[in-house]
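Remarks on the overall topology
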Amino acid sequence: MSGFENWPAPILRRWLLSAAAGPIILLIGLTGRIALHAPAFLTLSALLSGCIVARCILLFRMVRQEAYETVEGVCIAIRRAPIGGHQRIRLMDDSGTAHDLLLDRHQRFLIGSSYRVFLQSSPGAELPGVRIPRGALLGLEELGVCRTESEIDGQPAAPEDPNIIEMKKYDE
């Protein structure tokens, strides 16, 4: 995977935004240095830009070596942890295998929608049956809304556990 045309769209978007942020931050630091005569602005912005460039290089190498994994399926359950700011998402793929992901609470998922999640492959410790992407969520792509079998028959889908929260779209 050497060309950008082969990259998954969410990962490419993340890389391009990071690559654009580095020079912008450096330019802001240079402007602050000139306008306010404060060398700390330029120093801090140069350090931050260097970290962003390093992040872009690491992300480029990861995609080039295909060191990420893709989980694709329909969201069938969402459990929010009361402490810790995480949510457990259960995705069911086409073969009927359930994949549990522990992700940040601010990621929006809807039950019945199909998703493709890109995760950084890491040999770190995992809980049994749960993938924990500690800051390793590379991208999220919503593929569309799927209907469950019980909704097709005219009955609403029943949650498997009372701790499961059904996500509904609300007009904000």
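Residues numbered from 1 in each chain as written. Predicted model: local features only at pLDDT ≥ 70, side-chain atom pairs only at ≥ 80, totals over all residues. Heavy atoms only, no water.

In this section: the pairing of strand β3 (residues 98-104). Sheet topology places strand β2 (residues 86-92) next to β3; 7 bridges connect them, and they run antiparallel. Paired with arginine 90 across the strands is aspartate 100, a residue of β3. (Pairing = 2+ DSSP bridges. Helix = DSSP H or I, 4+ residues; strand = E, 2+ residues; numbered from the N terminus.)

Attention now moves to the packing of aromatic side chains. Overall, the coordinates contain 4 aromatic pairs when judged by the stated rule. Judged by centre distance (4.8 Å) and plane angle (65°), the rings of phenylalanine 109 and tyrosine 115 are edge-to-face. The burial state of phenylalanine 109 is the same as that of tyrosine 115; both residues are buried. Site record: aromatic cluster; members linked through ring pairs are Trp7, Trp15 and Phe60. (Phe/Tyr/Trp six-rings, centres within 6.5 Å; stacked < 30°, edge-to-face > 60°. Buried < 20%, exposed > 50% of the residue type's maximum accessible area, 1.4 Å probe, protein only.)

Attention now goes to the nonpolar core. Counting residues in each nonpolar core, the largest one holds 13 residues, and the members touching the most others are Cys75, Ile89, Leu91, Phe109, Tyr115 and Val117. Broken down by secondary-structure element, the contributors of at least two residues to this core are β1 (68-80), β2, β3 and β4 (113-120). Leave out the neighbours within four places in its chain, and cysteine 75 touches Ile89, Arg90, Leu91, Phe109, Leu110, Ile111, Gly112, Ser113 and Tyr115. Judged by nonpolar contacts, the second largest core, of 11 residues, contains Trp7, Cys56, Val63 and Tyr68. (Core = buried A, V, L, I, M, F, W, Y, C linked by side-chain atoms within 4.5 Å. Contact = heavy atoms within 4.5 Å.)

Here helix α2 (residues 39-64) is 26 residues long and its end C-alpha atoms lie 37 Å apart, about the 38 Å a rise of 1.5 Å per residue gives. When we look at burial in α2, the residues that qualify are Ser45, Ser49, Ile52, Cys56, Leu59, Met62 and Val63. (Expected span 1.5 Å × (residues − 1).)

Limitation: the analysis is restricted to geometry and does not speak to function.
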